[in-house]
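# Survey of secondary and tertiary structure
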Amino acid sequence: MTDLSRSSSTSETTTPATPRRENTTLDNPWPALWALCLGFFMILLDTTIVAVGTPAIMNGLHADLGAVVWVTSAYLLAYAVPLLVSGRLGDRYGPKNVYLVGLAVFTLASLWCGLTGSIEGLIAARVLQGLGAAAMSPQTMAVITRIFPGETRGTAMGLWGSVAGVATLVGPILGGVLIDHVGWEWIFFINIPVGIIAFVMALKLVPSLPVHTHTFDWIGVLLSGIGMFLLVFGLQEGNRYDWGTITGVISVPLLIVAGIAVLVAFVVWQRLTRAEPLIPLVLFTFRNFSLANVAIFGVGLAITAMNFPIMVWAQSVRGWTPTQAALLMAPTAVLTLGLAPVAGRLVNRMHPRLIAGFGLTCFAVGIVWYGLALHADTPWWQLVAPALVLGLANAFMWAPISVTATRTLPPARAGAGSGVFNATRQLGAVLGSAAIAALMESRLASHLGGYSMPAGEAGGGARVPAVAAEPFSRAMGESLYLPAAVVAVGVVAVLFFVNPHQAERR
C-alpha cells in the first residue's frame, strides 16, 4: 500500500463534507496515476472501438445500421447516467474501492459481449459494461486531483488527457486489426487480460483516501435517467419512424419534448431539494467549471460522432478492410502521443484559454476538412493532412479543459465535480451517437432517395453500388458538419476562461 505523505493514516476514515483543504498528496503519485490510466484507457477505448466494427457486427449478427448504433449508444447511455452517483460513491466509500468494483464489472461484461450471439444480447452486455465504466471514470479524475500537488497537477492531467485522446483514436485502429484477423468478438475479449492487469495494478498502487459523508438523491437519479433515455431514443430512432408516430399516441417529437421536459424538471429538483442534490449547483458558481463543461460536452459529442461516418465511408465506399480504414486515424494518434506531454507542461504555465482554444479550433477545422474530403474516389493520402490537424487538437484540448474544470474545486466537492464533468462528456457522447445516426440516415435519404444500408451490406468487404458511391460519400461527409459546429461552440466557451493558477472564483 502506498503511503500518504503528511497524512495520519492510510485507512479510509470518514470526515465531514466541508470545503476545507485536505492534504493527501503523495511523495510519488506517478505509479498510482499509471495504474488508473490503464483502466481509464480501456473504458474510453470502448467508446470508439465499435465504430470500425459496425459493418462486421451488422454482418455477423444480421442487424441493420440502426440496431448496431445502439451497441454504442447503450454503452454510452449506461455510462453517462450513473456518473453523477458514482462520483459521490467515490467520496463516500473511497475512490479506490469504487474503481475496483467498476473495473471488475466492466471486465466480466466484456466477456459477455464477446460470447453473445444476438444483437439484443450484445446491447444488454454493453449496458452492463457502461455501468462498470461509470463506476470507474470519476474516480480517476478525483484521485489525480487529490494526490498531486498543484505544481504538478497540470502535468498529471496532461497525461490523463492524452490517455483520453489517444484511447478514442486507438480504438478504431485496434478494432480494425482484431476484426480482420480474429473476428469482431475480440474487440471485447481484449479487455479481459487488460482488465485483470489493471485490477492488480490499482489494488497495489492506488492509495486509500479519506472519505466524506454524503447522501444520495435517488429522485434526481430517476429523473436524469428517464430524461436522457427519452431524448436519446427519440433522436436515434426518429428516422426509422419518419419522425412521426411510433405507436398509438406516442410519437418521436413527443419523446424528444418529454425528454427535455424531464431534464428541466431534474434541474429544478436539484435547486429545490432539501437533501444533498445529485448535482450541487454551487459547482456552477465556479466560472471555469461551467465553461469547461460546455467545452467537454462538445468534445465528447464530436469524438463519438465523427468516427461513424468516416469508418462507414472507408469500408462501404472505398472498400478498405477494417484495418485499412482504422489506419486513417494513425497519424492523429501518433501526433497526439508526441505532443500531449508538451501540452501538459504548458498547462502549468500558460493561460488555458490559449491552449484549449488552439486545440478546439484545430478539432473543428480537422472535422470540416474530413467532411469536405469524402468522395467516391478520395485516395488515402488526401486524408493525412486533416488527420494531423486532429492530432494537434487531441494533444492540446484535453489537459487544459480538464485542469481548468477542477483546479479550484474544494476537496469535498472533488467527487461530485469529477462526476459532473465526466457525465457532461458522456452526455455529449450519447447525444453524438444518437444524432449522427439520425443525420447519416437523413443525408442518405436526401442524396439517395430513401436508400439505406440493410443488414450485412457493408459486411464482409461488400461495397455500395458504384452508382450510389458519390452521393453516399457526400451524405457521410455532410454528416460531419454537425460535430464540427458543436466544437465551435466549445471554442467560444474556453475563450472566457479565467486563469485557474490564480484560483479565482467567478
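Quantities reported herein were computed from a predicted structural model and do not represent experimental measurements.

## Thoughts on the overall build of the protein chain
In terms of helices and strands, the protein chain carries 18 helices and 4 strands. Looking at the protein chain as a whole, 60% of its 506 residues qualify as buried. If you take every contact in the protein chain between residues at least 6 apart in sequence, the share linking residues at least 24 apart comes to 84%. A total of about 17800 Å² of accessible surface is found on the protein chain, and carbon and sulfur atoms cover 69% of it.

## Side note on the confidence of the model for the protein chain
Low-pLDDT portions of the prediction should not be read for the details of their coordinates. In the predicted model, the protein chain carries a mean pLDDT of 83, and 89% of its residues have values of at least 70. Taken element by element, the protein chain is modelled with least confidence in strand β1 (residues 14-15), mean pLDDT 38, and with most confidence in helix α18 (residues 481-494), mean pLDDT 97. With pLDDT under 50 throughout, residues 1-21 is counted as low confidence; its partners more than four residues away or in other chains account for 58 contacts. With pLDDT under 50 throughout, residues 453-461 is counted as low confidence; its partners more than four residues away or in other chains account for 25 contacts.

## Overview of the nonpolar core
If you look at the biggest cluster of nonpolar residues, it comprises 156 residues, and the most contacted ones within it are F363 and I401. For this core, the element with the highest residue contribution is helix α1 (residues 30-61), accounting for 18 residues. If we skip the residues at most four places from it in the chain, F363 touches V299, A302, I303, M306, L390, A393, M397 and V487.

## With respect to α1
With 32 residues, α1 ought to run about 46 Å at 1.5 Å a step, and its terminal C-alpha atoms sit 43 Å apart, in line with that. For α1, the principal kink sits at G53 and spans about 65 degrees; a proline, P55, occurs within the next four residues. Taking burial as the measure, the 32 residues of α1 include 25 buried ones, the bulk of the element. Phi turns positive one or two residues past the end of α1, at H62, with a value near 55 degrees.

## Focus: a nonpolar patch on the surface
On the surface, a nonpolar cluster with roughly 310 Å² of combined accessible area is contributed by W112, V127, L128 and L131. It is helix α5 (residues 119-147) that provides the largest number of residues to the nonpolar patch, a total of 3 residues. Among the structural elements, L131 can be located in helix α5.

## Quick word on the packing of helix α3 (residues 83-93) against α5
One can describe the packing of α3 onto α5 by two numbers: an axis separation of 8 Å at closest approach and a directional angle of 55 degrees. The angle between α3 and α5 places the two elements in the oblique class. For the crossing formed where α3 meets α5, the hand is right-handed. Residue-level contacts link L83, S86, G87 and G90 of α3 to A134, A135, S137, P138 and Q139 of α5. Each residue belonging to the contact of α3 with α5 can be placed in one class, and the counts come to 4 nonpolar, 5 polar and no charged.

## A closer look at unusual backbone geometry
In this structure, H62 takes a positive phi of about 55 degrees despite not being glycine. Along the chain, the position of H62 falls in the loop between α1 and α2 (65-80).

## Observations regarding the pattern of salt bridges
For the coordinates displayed, the defined rule picks out 2 salt bridges. Two residues, E478 and R443, come together in a salt bridge whose shortest N-O distance is 2.9 Å. In this pair, E478 sits in helix α17 (residues 466-479) while R443 sits in helix α16 (residues 414-448), placing the two residues 35 residues apart along the sequence. Exposure remark for E478: the relative accessible area of 22% places this residue in the partly exposed category.

## With respect to the packing of aromatic side chains
For the structure shown, the criterion picks out 7 aromatic pairs. Each ring, one from Y75 and one from Y79, has its centre 5.8 Å from the other, and the planes form 70 degrees; the classification is edge-to-face. Taken as a pair, Y75 and Y79 lie in helix α2 at a separation of 4 residues, close to a single helical turn. Accessibility expressed as a relative area gives 0% for Y75, which makes it buried. A relative accessible area of 0% means that Y79 is categorised as buried. Note on W184 and F188: the rings are 6.3 Å apart at their centroids and 85 degrees apart in plane angle, and the pair reads as edge-to-face. Exposure class is identical for W184 and F188. Each is buried.

## Here we look at the environment of P386
Locating P386 in the fold gives a position in helix α15 (residues 384-406). Of the residues examined, P386 reaches a relative accessible area of 0% and is grouped as buried. Taking the C-alpha atoms as reference points, P386 and F363, 23 residues apart in sequence, are found 9.3 Å from one another. Setting aside residues up to four positions removed in sequence, P386 forms contacts with G366, W369 and Y370.

## Points about the environment of W313
On the secondary structure map, W313 appears in helix α11 (residues 287-316). In contact with W313, not counting residues within four places along its chain, are R318, W320, L328, L374, H375, T378, L383, S473 and M476. Among the polar contacts made by the side chain of W313, one reaches the main-chain carbonyl oxygen of H375 at a distance of 3.2 Å.

## Considering the environment of D180
For D180, the position within the fold is in helix α6 (residues 150-181). Ignoring anything within four residues of it in the chain, the contact list for D180 reads T321, P322 and T323. In terms of polar contacts, D180 uses its side chain to reach the side chain of T321, at 3.2 Å.

## Points about the side chain of T332
One can find T332 in helix α13 (residues 330-347). With near-sequence residues (within four places) excluded, T332 lies in contact with L169, A387, L388, L390, G391 and N394.

So, how was this worked out
Residues numbered from 1 in each chain as written. Predicted model: local features only at pLDDT ≥ 70, side-chain atom pairs only at ≥ 80, totals over all residues. Heavy atoms only, no water. Helix = DSSP H or I, 4+ residues; strand = E, 2+ residues; numbered from the N terminus. Buried < 20%, exposed > 50% of the residue type's maximum accessible area, 1.4 Å probe, protein only. Contact = heavy atoms within 4.5 Å. Areas by Shrake-Rupley, 256 points an atom, 1.4 Å probe, with all protein chains shown as cover. pLDDT = per-residue confidence, 0-100. Core = buried A, V, L, I, M, F, W, Y, C linked by side-chain atoms within 4.5 Å. Expected span 1.5 Å × (residues − 1). Bend = angle between axes of the 7 residues up to and from the residue. Patch = residues over 30% accessible without salt bridge, like charges linked within 9 Å, V, L, I, M, F, W, Y side chains within 5 Å. Salt bridge = Lys/Arg side-chain N within 4 Å of Asp/Glu carboxyl O. Axes fitted to C-alpha atoms, helices over the stretch in contact; angles between N-to-C directions. Parallel < 35°, antiparallel > 145°, perpendicular 65-115°, else oblique. Left-handed = near helix turned anticlockwise from the far one by under 90°. Nonpolar A, V, L, I, M, F, W, Y, C, P; charged D, E, K, R; others polar. Phe/Tyr/Trp six-rings, centres within 6.5 Å; stacked < 30°, edge-to-face > 60°. Polar contact = N/O pair within 3.5 Å; in protein donor to acceptor, adjacent residues only side chain to side chain.

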